[in-house]
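Chains, contacts and geometry: an overview
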Amino acid sequence: MFPTEPLFAQVANNAIVNSLVLQTDEVPFYSTTDDATVEWDCINKKLTERCLIYHNDQWFTFIPGREGTLFLNISEQICKKKFGVQVVVIEGNPCETSSYKLLHCESFTNQSDTFIELKDLKEGTPYLINIDGFLADVCAFQIQVGTKPKGLPLKTVSLDKLQLETSLERNLVRLQWQLTEQLLDSLYSFEIYKQEVTAFKKQAPKQIPLRYTAAGHALTAYSFLDTLTQQGTYLYTILGAFHEGQKRIVLDEKRITFQEPKTLGRERNFIAQIALTNKRKEDVDFLIMNATTGEVLFKRTCNACSAQLIGLDLESEIQKGIQYFWIETYHLSTKQQALYKFFVDESGNLLQK
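Cut-offs applied
Residues numbered from 1 in each chain as written. Predicted model: local features only at pLDDT ≥ 70, side-chain atom pairs only at ≥ 80, totals over all residues. Heavy atoms only, no water. Disulfide = S-S within 2.5 Å. Helix = DSSP H or I, 4+ residues; strand = E, 2+ residues; numbered from the N terminus. Buried < 20%, exposed > 50% of the residue type's maximum accessible area, 1.4 Å probe, protein only. Pairing = 2+ DSSP bridges. Axes fitted to C-alpha atoms, helices over the stretch in contact; angles between N-to-C directions. Salt bridge = Lys/Arg side-chain N within 4 Å of Asp/Glu carboxyl O. pLDDT = per-residue confidence, 0-100. Contact = heavy atoms within 4.5 Å. Phe/Tyr/Trp six-rings, centres within 6.5 Å; stacked < 30°, edge-to-face > 60°.

1. Focus on the state of the cysteines
For the structure shown, the criterion picks out three disulfides. In this model, C42 is linked to C95 through a disulfide, with the two sulfur atoms separated by 1.7 Å. Of note, the bridge from C42 to C95 carries an S-S torsion of about -70° and is left-handed in sense. With C42 in the loop between β2 (29–32) and α1 (45–48) and C95 in the loop between β5 (85–91) and β6 (101–107), this residue pair connects regions lying 53 residues apart in the sequence. Taking relative accessible area as the criterion, C42 reaches 1% and is therefore assigned buried.

Here it is, written out as structure tokens:
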């Protein structure tokens, strides 16, 4: 018998004495918090108690080759609980907790590729990095210390810079924005990120470089088209990348909700048809239930009904994600009962079993 998921041994840098050295701008290093433990004697809990709780940490270190700013890039997160990792960056001697000086402490709230800007670093000074699974999440990830940031900044502080407008026609989203004179000289390109609001990670960005006239002047008007294939609410984020890659700012964000129209392609069926066969008129109750949970969703009554076709609209329940239904009928006069079963097929149509 072989396991269906890969098994990870405890990482070698689980102990601070075995901290993995990250060289600046090297290929990102792959690691995982699986089976990692906390080295409590090397933790200063008071220093970080306001931003995180330790569960399954590991250690890295880096030594800047020059003074100034470097970026800690975290990418390719895959977490079982979908929380993400938490990061502590410390200046100090390993396991001498009284010497620790906190540079950064962050708990990620999703699994998007992101970076932490580390300013005022000292040349030749060792720094410690502690990576832990947020709320004991087990995460695989890639880590790099670089001279350029990669991904989205953790903090959004510069919204509404572009006069961003959005429109939705059928399933086609259009973003339109204006580049201000203030940004013309320093901006290099735009990156467009999309994330369904219930997802835990943004999709890979679309790159849009600045465009120029024949005279070499940057254009100020830009647009982006996107096609949606699944209904939901989507957050579009426009990030500005500046010259030499040293600055990346979220310039604007907009949400847009897409509900797939029935006229898009073949019209879908959300109506449960119940054929009554009683010849005499009588009141009939309809009890609509979630077949998976047994929960009663709603009740309908047909007054003085005889042999006829009754249609029950289940669209709102299907849009909530319910796929299996029971509909029970009860004839008040004759006490006759019947159970009908319906399900949603792969095309999104309601069918009777």
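Structure's up, so let's keep going.
2. Some words on the sheet that holds strand β12 (residues 172–178)
Spatially, β11-β12-β15 is the arrangement adopted by the three strands of the open sheet, whose pairing is antiparallel. The open sheet has two free edges, formed respectively by β11 (165–169) and β15 (221–227), since each of these has just one partner strand. Averaged over all neighbouring strand pairs, the angle between strand axes comes to 15°, with direction disregarded. For β12 and β15, the ladder comprises seven bridges, and the chain directions are antiparallel. Bridge pairing links W177 to Y222 in β15.

3. Things to note about the pattern of salt bridges
In the structure shown here, the tally under the stated rule is four salt bridges. Salt-bridge contacts for K299 lead to D285; the nearest nitrogen and oxygen are separated by 3.7 Å. You can see K299 sitting in strand β20 (residues 296–305) and its partner D285 sitting in strand β19 (residues 282–290), a full 14 residues away along the chain.

4. Overview of unusual backbone geometry
Non-glycine residue D25 carries a positive phi angle of around 65°. With respect to the helices, strands and loops of the structure, D25 is situated in the loop between β1 (20–21) and β2.

5. Some thoughts on the sheet that holds strand β16 (residues 232–242)
Here we have four strands laid out as an open sheet, ordered β14-β13-β16-β17, and antiparallel in their pairing. Since the sheet does not close on itself, it has two edges, and those belong to β14 (206–209) and β17 (248–258), each with one partner. Strand-to-strand twist of the sheet, defined as the mean angle between neighbouring strand axes without regard to direction, takes the value 20°. One ladder, built from 10 bridges, connects β16 with β17; its direction is antiparallel. In the strand pairing of β17, L239 is matched with V250.

6. As for the confidence of the model for the protein chain
Parts of the prediction with low pLDDT should not have their coordinates interpreted in detail. When the pLDDT values of the protein chain are averaged, the result is 86; 92% of them are 70 or greater. Every residue in residues 1–7 is under pLDDT 50, and counting partners more than four places away or in other chains gives zero contacts.

7. Let's talk about the environment of T292
Tracing the sequence through the fold places T292 in the loop between β19 and β20. C-alpha of T292 to C-alpha of Q323: the two residues are 31 residues apart in sequence and 8.4 Å apart in space.

8. Some remarks on the pairing of β11
Relative to β12, β11 runs antiparallel, the two sharing five bridges. What sits directly across from E165, in β12, is Q176. Where β11 folds back on β12, the antiparallel hairpin that results is connected by two residues, among which R170 adopts a positive phi of roughly 55°.

9. Section: the packing of aromatic side chains
Summed over the entire model, instances satisfying the criterion amount to seven aromatic pairs. On the numbers, 6.3 Å between centres and 70° between planes, the contact of F29 with F60 is edge-to-face. Taken together, the positions of F29 in strand β2 and F60 in strand β3 (residues 58–62) put the pair 31 residues apart, joining distant regions of the chain. An aromatic cluster of three or more residues is present, and its members are W177, F190 and Y222.

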